[in-house]
Amino acid sequence: MTLVYALTIAAYVGCGLYMMLSRHAVRMILGLTLLTNGAIFLIFFSGRIGATTPPVIPQGADALAADAANSLPQALVLTAIVIGFALTAFAIALALKAYRSLGTLDVREMQDAERLGAPDLPLSTPVKNHG
């Protein structure tokens, strides 16, 4: 079963990287989401999936049982889900603003920053207008 988990994670990460290499903003956002889900699955499956004992120290014991569930990956997964959702929502809002401002989602056509010139020019240097 571990091989199935590893192949699933590899498929998520591979598809996410492939989609992030696209020149379309929506595909890049979906690729980022797939890559985030691959990382979440990796963290989640690194914990003991088949653990049957809850992560509670019994009365009179000093440590958890050997087959106890690991609560750290679960906490990390919950945090990663929240951060991934916020990142996806921000990226969608940014893509929507770019589409409304520029009229395209193709990143090759988004060149407004290049038209302003190099960012290291002094303020007294006039900026050439290429448009």
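Anyway, here's the lowdown on the structure attached to this text. (Residues numbered from 1 in each chain as written. Predicted model: local features only at pLDDT ≥ 70, side-chain atom pairs only at ≥ 80, totals over all residues. Heavy atoms only, no water.)

What follows concerns the overall build of the protein chain. If you tally the helices and strands in the protein chain, you get 4 helices and 0 strands. For the protein chain, the N- to C-terminal ordering of α and β elements is α-α-α-α. Counting every position in the protein chain, which comprises 131 residues, the buried fraction comes to 18%. In the protein chain, once contacts between residues fewer than 6 apart in sequence are set aside, the share between residues at least 24 apart is 42%. Element-wise, carbon and sulfur atoms account for 68% of the exposed surface of the protein chain, whose accessible area totals about 9800 Å². (Helix = DSSP H or I, 4+ residues; strand = E, 2+ residues; numbered from the N terminus. Buried < 20%, exposed > 50% of the residue type's maximum accessible area, 1.4 Å probe, protein only. Contact = heavy atoms within 4.5 Å. Areas by Shrake-Rupley, 256 points an atom, 1.4 Å probe, with all protein chains shown as cover.)

With that out of the way, let us pick up the packing of aromatic side chains. What the rule picks out here adds up to 4 aromatic pairs. Ring centres of Tyr5 and Phe45 lie 4.1 Å apart, and the angle between their planes is 10°; this geometry places the pair in the stacked category. With Tyr5 in helix H1 (residues 2-20) and Phe45 in helix H2 (residues 25-46), the pair connects residues that are 40 residues apart, well separated along the chain. You can call Phe45 partly exposed: its relative accessible area is 23%. Centroid distance Phe41 to Phe45: 6.0 Å. Interplanar angle 25°. Geometry classified as stacked. Highlighted residues: Phe41 and Phe45, both in helix H2, separated by 4 residues, approximately one helical turn. Clustering of aromatic rings is evident, with ring pairs tying together Tyr5, Tyr12, Phe41, Phe44 and Phe45. (Phe/Tyr/Trp six-rings, centres within 6.5 Å; stacked < 30°, edge-to-face > 60°.)

One finds Ala25, Ile29, Ala91, Ala95 and Leu105 forming the largest nonpolar core, which totals 5 residues. Elements represented by at least two residues in this core include exactly H2 and helix H3 (71-102). Not counting residues up to four positions away in its chain, the partners in contact with Leu105 are Arg23, His24, Ala25, Val26, Ala95, Tyr99 and Met110. (Core = buried A, V, L, I, M, F, W, Y, C linked by side-chain atoms within 4.5 Å.)

Contact pair H1 / H2: the axes reach a minimum separation of 7 Å and the direction vectors enclose 155°. Taken together, the axis directions place H1 and H2 in an arrangement best described as roughly antiparallel. Of the two elements, H1 crosses H2, and the hand of that crossing is left-handed. Residues Tyr5, Ile9, Tyr12, Val13, Cys15, Gly16, Leu17, Met19 and Met20 of H1 touch H2, and the partners they reach there are Arg27, Met28, Leu30, Gly31, Leu32, Leu34, Leu35, Asn37, Gly38, Phe41, Leu42 and Phe45. Here the contact of H1 with H2 is built from residues that sort into 16 nonpolar, 4 polar and 1 charged. (Axes fitted to C-alpha atoms, helices over the stretch in contact; angles between N-to-C directions. Parallel < 35°, antiparallel > 145°, perpendicular 65-115°, else oblique. Left-handed = near helix turned anticlockwise from the far one by under 90°. Nonpolar A, V, L, I, M, F, W, Y, C, P; charged D, E, K, R; others polar.)

Along the chain, the position of Ser22 falls in the loop between H1 and H2. In this structure Ser22 comes out as buried when scored by relative accessible area, which is 16%.

Turning next to the packing of H2 against H3. Packing of H2 against H3 brings their axes to within 9 Å, and their N-to-C directions diverge by 175°. Judged by the inter-axis angle, H2 sits roughly antiparallel to H3. Contact residues: H2 offers Ala25, Ile29, Leu32, Thr33, Thr36, Ile40, Ile43, Phe44 and Ser46, while H3 offers Pro73, Leu76, Val77, Ala80, Ile81, Gly84, Leu87, Thr88, Ala91, Ile92 and Ala95. Its residues assigned to classes, the contact of H2 with H3 comprises 15 nonpolar, 5 polar and no charged.

Nothing here speaks to function; it is all geometry.
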